[in-house]
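Structural features, examined
Listed here are the chains, written in short residue letters.
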Amino acid sequence: MPQAPTTITDEIGIALGNLADAATGVLTPTLRLGVTGLSRAGKTIFITALVHNLLTGGRLPGFAPLAEGRFIGARLAESPEAGIARFAYEQHLAALSGSEPHWPESTRRISQLRLELKFQSQSWWSGRAGPSVLNLDIVDYPGEWLLDLPLLSLSFAEWSAQALARAGGATGAEAKNYLELVQAVDATQPTREADAERLAAAFTDYLRASRADEHALSALPPGRFLMPGDLEGSPALTFAPLPAASAAARGSLYATLEHRFEAYKDVVVRPFFRDHFARLDRQVLLVDTLRALNAGPVAVADLETALTDILACFRQGDSNPFLRLISRRIDRILFAATKADHVHHTSHDRLEAILNRLVARASRRAKFAGAQTGSVALAAIRATREGRARDVDVIIGTPQAGEALDGAVYDGKTEIALFPGDLPADPQKALEAGGVDLNFLRFLPPRLDRNAEGAPMLPHIRFDRALDFLIGDWLR
Ligand SMILES: Nc1nc2c(ncn2[C@@H]2O[C@H](COP(=O)(O)OP(=O)(O)OP(=O)(O)O)[C@@H](O)[C@H]2O)c(=O)[nH]1
Ligand SMILES: [Mg+2]
């Protein structure tokens, strides 16, 4: 039996939270923007760019409030939730704009930021109202954790069956290692903690290996195994999938791991969903489509599964609280293919088409539930320029130290012109054998120009349009 993703108590908590939000919203309207995406999709960069562009009035011709002169300014405000760390905007910006620009590290814990936006509301033009204020709340978290949401509707037996089937289909030594270990234990016997630990460690190795670039698989939970946050070493993380055991008595290894799986859902996953996802007004789903394309059709199919599973948390059905959430709260979802600066602009529409193909099912559901959806290929921070060399369209940038292509290894100091390859006109090709032939390199962040006040300016691709879709209508 699939289980309900939230309990009644959760529902009451969510409703009370929404009520409290609404009560404070009477004074100053608050928009909670969910920046969602799997690990390395580009969430932290997206949020940093969003905050910086709004704080400094960046170059955003497609963001109507700014282009039309209605946007007055923004400032960082005290976040209402004292228990959550503050998003380290200043550090991230310093990393990007220092003398040796580098990308910020992978996110290890949840953090939050509130921006106060001031604008002339349109009714002001007619002489009725003065400047208005909107609070924009944004949360950043490790993308790994997102993988856990689908677990809420799975039992231990169901999850184990899925996980073992996937491991059985995997080619790497790590999967084989894990499967052998599973064969070697009798899960109906009383629990020995050493067995549980060995299984959990071997399963974690397998998860880690499947994330590496050559596989680029993303859909394998539990997310905290690789990004434990403050749960490192906790028993809630010492479990792993097991084949169905019919006569598993209390105290058996099977029963113990099943219990820990349920505890993981209760203690880790459900609160994350309840406190964060259940209270969003708008959502942007960031997808590193190019990395999957570069790794091949298996990675692309895996990415599609992961995205569909995650967004199925929004599936319709009377008993499903997610539907009520989406129809009551999230009225807009933007699907964004990130890092579009890795291909030439002539491929941007194709990149968007491939993204649309990947999120087609999820997007249909969201629309059915009443949300408006949009899609865009963007770069929150553009790391390359474009040019032509020997009659082909190229991108120009400095590959990160250690990046390699066709036998050349880059030192992180040398600028190169790269023919990135063309994306197929038919998005279905991306999912078929043979895949897409890309020349894919990671680039260092760009050297930044400064504005009249000396603040660094972040070059981007279509970031202004994304912003306009996500918050523009609230600034009228
Ligand atoms: N060229 C380019 N690279 C980008 C852009 N955004 C992100 N990246 C690259 O992608 C990496 C991951 O971006 P993050 O924003 O840290 O990703 P995240 O979603 O926060 O990842 P986790 O914190 O691990 O969940 C960065 O280190 C950059 O190398 C972009 O707009 N352009
Ligand atoms: Mg991050």
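Each remark here, short or long, concerns the structure printed above.
Residues numbered from 1 in each chain as written. Chains lettered and ligands numbered in written order. Predicted model: local features only at pLDDT ≥ 70, side-chain atom pairs only at ≥ 80, totals over all residues. Heavy atoms only, no water.

Looking at the overall build of the chain
- Secondary structure assignment for the chain yields 15 helices and 13 strands.
- Partitioning the contacts of the chain with sequence separation of at least 6, the portion at a separation of at least 24 is 76%.
- For the chain, the computed accessible surface area is about 21100 Å², with 52% contributed by carbon and sulfur atoms. (Helix = DSSP H or I, 4+ residues; strand = E, 2+ residues; numbered from the N terminus. Contact = heavy atoms within 4.5 Å. Areas by Shrake-Rupley, 256 points an atom, 1.4 Å probe, with all protein chains shown as cover.)

A word on helix 8 (residues 193-211)
- Spanning 19 residues, helix 8 covers 27 Å between terminal C-alpha atoms, matching the ideal 27 Å at 1.5 Å per step.
- Listing the buried residues of helix 8 in full gives Asp195, Ala196, Leu199, Ala200, Ala202, Phe203, Thr204, Tyr206, Leu207, Ala209, Ser210 and Arg211.
- At its buried positions, helix 8 is contacted by helix 6 (156-169), helix 7 (173-184), helix 9 (253-275) and helix 10 (289-295). (Expected span 1.5 Å × (residues − 1). Buried < 20%, exposed > 50% of the residue type's maximum accessible area, 1.4 Å probe, protein only.)

So, the coordination of the magnesium ion (ligand 2)
- Summarising the metal site, the magnesium ion (ligand 2) is bound by the protein donors Thr44 (OG1) and Thr107 (OG1), whose distances to it range over 2.0 to 2.1 Å. Here Thr44 is found in helix 2 (residues 43-56), whereas its partner Thr107 is found in the loop between helix 4 (89-97) and strand 4 (111-120), with 63 residues between them in sequence. An identical accessibility class is assigned to Thr44 and Thr107; each is buried. (Donors = N, O, S within 2.8 Å, 3.2 Å for Na, K, Ca; no water.)

Description of the site of ligand 1
- As a matter of local geometry, ligand 1 sits amid 21 residues, with Lys43, Thr44, Ser106, Gly143 and Asp341 nearest to it.
- Note that an oxygen atom of ligand 1 is positioned 2.8 Å from one of the side-chain N or O atoms of Thr44.
- For ligand 1, whose free accessible area comes to 650 Å², the fraction covered by protein is 95%.
- When the residues that make up the shell around ligand 1 are grouped by side-chain class, the tally is nine nonpolar, eight polar and four charged. (Near = heavy atom within 4 Å. Polar contact = N/O pair within 3.5 Å; in protein donor to acceptor, adjacent residues only side chain to side chain. Nonpolar A, V, L, I, M, F, W, Y, C, P; charged D, E, K, R; others polar.)

Description of the nonpolar core
- Among the nonpolar cores identified, the biggest contains 82 residues, and Trp159, Leu199, Phe203 and Leu293 are the most heavily contacted of them.
- Of the residues forming this core, the biggest block, nine residues, is contributed by helix 9.
- The residues touching Leu293, leaving out its near neighbours within four places in the chain, are Val300, Ile354, Leu423, Ala430, Val436 and Leu438.
- One finds Leu50, Val284, Phe463 and Leu467 within the second-largest nonpolar core, a separate group that totals 43 residues. (Core = buried A, V, L, I, M, F, W, Y, C linked by side-chain atoms within 4.5 Å.)

So, the pattern of salt bridges
- By the definition in use, this model includes 28 salt bridges.
- Between Asp137 and Arg114 there is a salt bridge; the shortest N-O distance is 2.7 Å. Taken together, the residues span a long stretch of sequence, with Asp137 in strand 5 (residues 131-140) and Arg114 in strand 4 at a distance of 23 residues. There is no split in this pair, since Asp137 and Arg114 are both buried.
- A salt bridge links Arg208 to Asp205; the shortest N-O distance between them is 3.7 Å. Linking Arg208 with Asp205, this pair stays in helix 8, spanning three residues, or about one helical turn.
- Residue classification places Arg208 among the partly exposed residues on the basis of a relative accessible area of 46%.
- On the basis of relative accessible area, Asp205 is assigned to the partly exposed category, the value being 41%.
- Sharing partners across several salt bridges, the network here consists of Arg282, Asp331, Arg332 and Asp473. (Salt bridge = Lys/Arg side-chain N within 4 Å of Asp/Glu carboxyl O.)

So, unusual backbone geometry
- Here the amide bond leading from Pro221 into Pro222 is cis, since omega sits at 0°, within 30 degrees of zero.
- Mapped onto the elements, Pro222 comes out in the loop between helix 8 and helix 9.
- Backbone geometry places Arg40, a non-glycine residue, at a positive phi of 65°.
- One non-glycine residue, Lys339, adopts positive backbone phi at about 60°.
- One can find Lys339 in the loop between strand 7 (332-337) and helix 13 (348-358).

Points about the packing of aromatic side chains
- Enumeration over the complete set of coordinates arrives at 16 aromatic pairs.
- Taking 5.2 Å as the distance between ring centres and 15° as the angle between the ring planes, the aromatic pair formed by Trp159 and Phe261 counts as stacked. Taken as a pair, Trp159 in helix 6 and Phe261 in helix 9 lie far apart in primary sequence, 102 residues in all.
- Take Trp159: its relative accessible area is 2%, and that puts it in the buried class.
- On the accessibility criterion, Phe261 (0% relative accessible area) is buried.
- Of the aromatic side chains, those joined through ring pairs into one cluster are Phe156, Trp159, Tyr178, Phe203, Tyr206, Phe225, Phe239, Tyr254, Phe261 and Tyr264.
- Its end group placed over the ring of Tyr141, Lys43 keeps NZ or CZ at 5.7 Å from the ring centre. (Phe/Tyr/Trp six-rings, centres within 6.5 Å; stacked < 30°, edge-to-face > 60°. Lys NZ or Arg CZ within 6 Å of the ring centre and 35° of its normal.)

Here's the deal with the packing of helix 6 against helix 9
- Here helix 6 crosses helix 9 at 100°, and the two axes come no closer than 10 Å. For the element pair helix 6 / helix 9, the angle class is roughly perpendicular. Mapping the contact onto sequence places Phe156, Ala157 and Trp159 in helix 6 and Tyr254, Leu257, Glu258, Phe261 and Glu262 in helix 9.
- In terms of residue class, the contact of helix 6 with helix 9 is built from six nonpolar, no polar and two charged. (Axes fitted to C-alpha atoms, helices over the stretch in contact; angles between N-to-C directions. Parallel < 35°, antiparallel > 145°, perpendicular 65-115°, else oblique.)

What about the environment of Leu66?
- With respect to the secondary-structure elements, Leu66 resides in helix 3 (residues 64-67).
- For Leu66, a relative accessible area of 22% puts it in the partly exposed group.
- Sequence spacing of Leu66 and Asp464 is 398 residues, and the spatial spacing of their C-alpha atoms is 9.7 Å.
- Discounting chain neighbours no more than four positions away, the residues touching Leu66 are Gly57, Gly58, Leu60 and Phe71.

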